[in-house]
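Working through the structure, step by step
What follows is the residue order along each chain.
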Amino acid sequence: MKRIEAIVRPEKLEALRLALEEVGYPGIMVSEIKGHGKQRGVTHQWRGTEYKEYFLPKTKVEIIVGDNQVKKLVGAITEACRSGTVGDGKVFVTSVEEAVRIRTGENGESALV
């Protein structure tokens, strides 16, 4: 099993959800986070005064899937969230040793569906 973590722009969340629905996914967890990458924040101007916002709002999407689903889900995520500009985000794939459904006690990949 694998955990797919995608850090994306908040405005891309609905497009991402629709893309994932098309390819099929077992479940999704969404968190609102703040951070920055290469861009190191943005500069705003308010009433003639410039100020820098170092931590930008981002959305973290987590999906736990079987090994055979990783490639199609990562492809759907990158297609839905790519704008070609700095700040589009990142996708991380890590291994998950075990999953247990609390209600039934099922474990492994059967706990995901």
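Residues numbered from 1 in each chain as written. Predicted model: local features only at pLDDT ≥ 70, side-chain atom pairs only at ≥ 80, totals over all residues. Heavy atoms only, no water.

Remarks on the overall build of the protein chain
Note the threshold: In this text, helices come from DSSP runs of H or I with a minimum length of four residues, and strands from runs of E with a minimum of two, each type numbered from the N-terminal end. Between the two quantities, the radius of gyration covers C-alpha atoms and the globule rule is 2.2 Å times the number of residues to the power 0.38. Each residue is placed in one exposure class: buried if its accessible area under a 1.4 Å probe, protein chains only, is under 20% of its type's maximum, exposed if it is over 50%, and partly exposed if it falls in between.
Along its length, the protein chain carries two helices and six strands. Taken from the N to the C terminus, the helices and strands of the protein chain come in the order β-α-β-β-β-β-α-β. Relative to the globule expectation of 13 Å for 113 residues, the C-alpha radius of gyration of the protein chain, 17 Å, shows a markedly less compact shape. Principal-axis analysis of the C-alpha atoms gives the protein chain an extent of 60 × 25 × 20 Å. Taken over 113 residues, the protein chain has a buried fraction of 31%.

As for the sheet that holds strand β2 (residues 29-35)
Here is the rule we go by: Two strands form a pair only when DSSP identifies at least two bridges running between them. Note on method: axes are straight lines fitted to C-alpha atoms, helices fitted across the in-contact stretch only, with angles between N-to-C directions ranging 0 to 180 degrees. Pairs of residues are marked as contacts when any of their non-hydrogen atoms sit within 4.5 Å.
In spatial order, the strands read β2-β5-β1-β6; together these four strands make up an open sheet with antiparallel pairing. Since the sheet does not close on itself, it has two edges, and those belong to β2 and β6 (89-95), each with one partner. The average undirected angle you get between the axes of adjacent strands in this sheet is 20°. The pairing of β2 with strand β5 (residues 56-65) spans seven bridges and is classified as antiparallel. In the strand pairing of β5, Met29 is matched with Glu62. Across the sheet, helix α1 (residues 13-23) is in contact with β1 (2-8), β2 and β5; its angle to β5 comes to roughly 15°.

Let's talk about the pattern of salt bridges
Convention followed: One speaks of a salt bridge when a side-chain nitrogen belonging to Lys or Arg is within 4 Å of a carboxyl oxygen belonging to Asp or Glu.
According to the stated counting rule, one finds seven salt bridges in the structure shown. When the shortest N-O distance is used, the salt bridge between Glu5 and Lys60 registers 3.5 Å. Pair noted here: Glu5 is in strand β1 and Lys60 is in strand β5, with a separation of 55 residues, a long-range link. The salt bridge partner of Arg17 is Glu14, with a shortest N-O separation of 2.5 Å. With Arg17 and Glu14 both in helix α1 and three residues apart, the pair spans about one turn of that helix.

What to know about the pairing of β5
The buried count for β5 comes to eight of 10 residues, which makes it a mostly enclosed element. Note: β1 against β5, seven bridges, orientation antiparallel. Counted as the bridge partner of Ile4 is Ile63 from β5.

What to know about the layout of surface pockets
Using the following cut-off: Of the two site types, the cavity is a set of points on a 1 Å grid over the protein atoms alone where a 1.4 Å probe fits but cannot get out, and the pocket is an open set with protein on both sides within 12 Å along at least five of seven lines, each lined by residues with an atom within 4 Å of a point. Grid points are joined across faces, edges and corners, and a volume is the space filled by probe spheres set on the points.
Of the pockets and cavities examined, the largest pocket occupies roughly 290 Å³. Taken together, 15 residues line the largest pocket, and the ones lying closest to its centre are His36, Gly37, Gln39, Gly89 and Lys90. Taken together, the elements giving at least two residues each to the lining of the largest pocket come down to β2 and β6.

These values are about where atoms sit, not about what they do.
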